[in-house]
Amino acid sequence: MSTPEESDVTGSSFAGTATINVSDLTQYLLCPRLVYFRAKGYEQDRIVKGKERGMIERILLKELAFNLDTLSGGKDEVGVREREDGEEEGEDARSIIDDIVDDIERIYKEELEGVKRDLIVAVKRDIVCGVGTDEWLRKVKNGLLAVEEAQGYEREQMVVSEKLGMSGSVDKLIRIDEEVIPCVIKTGRCPEFSVWRSERVQLAAYAMLIEEVFETTVKRGFVEYIRTAEFRELQIRKKDRALALQILKRVKRIKRGAFPEKGVHAPCDTCSFIARCETRKTLLSKLLGM
Ligand code: SF4
């Protein structure tokens, strides 16, 4: 059950002035130059041409992850969802997914601007067929949902630390008695074991923010791989914290104007900064007489 606070920002008055976001750290891992160009104020295309379907899928799945409690017959922010006469559990799940999907155009208005409705409807049809199966539902119920149902969570809680000079929006903030647990939703592929490196960094960064704001120690975090209904628990290790802090320092340097090397697996094919990146490379080559 989602239990949002009156304010979705937890931390200090720094909220308005924080410049480093946890998403900068994950962007750095993808390609440090993305951080550079964004810091320069260049807008990244919201929708990469030819990748609209993937973006709609990610939005749909993420919204679904925020509604798992409704799927299991639990309460959401407006109470228990009414089941219509003769509606079986499987059908119920599919009709809930249908409802959620219908809402996304309003919830994600900005992100979906310019996307054709036909495409949204087609992606929705595929998602409804792909998830909402008995197997998927069983995994949802046996996974993190057990914790969420018992404890509830706060959706997209912003946590801010003036000391670290960093802020972030935690997808789900779960509280079990005194324990505060960050949980991130992922719509991509689930690794065979544990979680991906960028998610370790993301959870470690959230852990440090939460520790400062709530004056507690965060020992673990969760990752929800919603597409396949896999839920992974992760112990927050010292080396993850150290890596997150190291990247934070690098990001700060870039934001002060340092031009970084490109990432090893930089997604240049789909990057909207490609022209700027090439220009910058040519200028540097000329200056260095290469
Ligand atoms: S074009 Fe490639 S190297 Fe340049 S910012 Fe984009 S992903 Fe990074």
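Up top you'll find the structure we're talking about.
Undergrad: Can you walk me through the overall build of the chain in this structure?
TA: Secondary structure summary: the chain contains 11 helices and nine strands in total. Across the 290 residues of the chain, 44% fall into the buried class. Relative to all contacts within the chain whose residues are 6 or more apart in sequence, the contacts with residues 24 or more apart total 73%. When the accessible surface of the chain is totalled, it reaches about 15,900 Å², and 48% of it is carbon and sulfur.

Undergrad: How do you make sense of the pattern of salt bridges when you look at a structure like this?
TA: A side chain with one charge may pair with a side chain of the opposite charge, provided their charged atoms come close. Applying the stated criterion to the full structure yields 17 salt bridges. D24 is the salt-bridge partner of R38, the closest N and O atoms lying 3.0 Å from each other. Residue R38 is found in helix 2 (residues 32-39), and its partner D24 is found in helix 1 (residues 22-30); the two are separated by 14 residues along the sequence. The class for D24 is buried, based on a relative accessible area of 3%. For the salt bridge of E224 with K172, the shortest nitrogen-to-oxygen distance reads 2.8 Å. One end of the pair, E224, is in strand 8 (residues 220-225); the other, K172, is in strand 6 (residues 166-176), and 52 residues separate them in sequence. Each of D24, R38 and K255 takes part in a single network of salt bridges with overlapping partners.

Undergrad: When you look at the nonpolar core in this model, what are you seeing that I'm missing?
TA: Inside soluble globular proteins, nonpolar side chains tend to come together where they are buried. With 41 residues, the main nonpolar core has L25, M166, L209, A244 and V251 as its most contacted residues. Taken together, the elements giving at least two residues each to this core come down to helix 1, helix 2, strand 6, strand 7 (179-186), helix 9 (197-214), strand 8 and helix 10 (238-255). In terms of residue count, the dominant contributor to this core is helix 9 (nine residues). Among the nonpolar cores identified, the runner-up in size contains 31 residues, and L64, F66, V115 and W136 belong to it.

How each quantity is defined
- Residues numbered from 1 in each chain as written.
- Predicted model: local features only at pLDDT ≥ 70, side-chain atom pairs only at ≥ 80, totals over all residues.
- Heavy atoms only, no water.
- Helix = DSSP H or I, 4+ residues; strand = E, 2+ residues; numbered from the N terminus.
- Buried < 20%, exposed > 50% of the residue type's maximum accessible area, 1.4 Å probe, protein only.
- Contact = heavy atoms within 4.5 Å.
- Areas by Shrake-Rupley, 256 points an atom, 1.4 Å probe, with all protein chains shown as cover.
- Salt bridge = Lys/Arg side-chain N within 4 Å of Asp/Glu carboxyl O.
- Core = buried A, V, L, I, M, F, W, Y, C linked by side-chain atoms within 4.5 Å.

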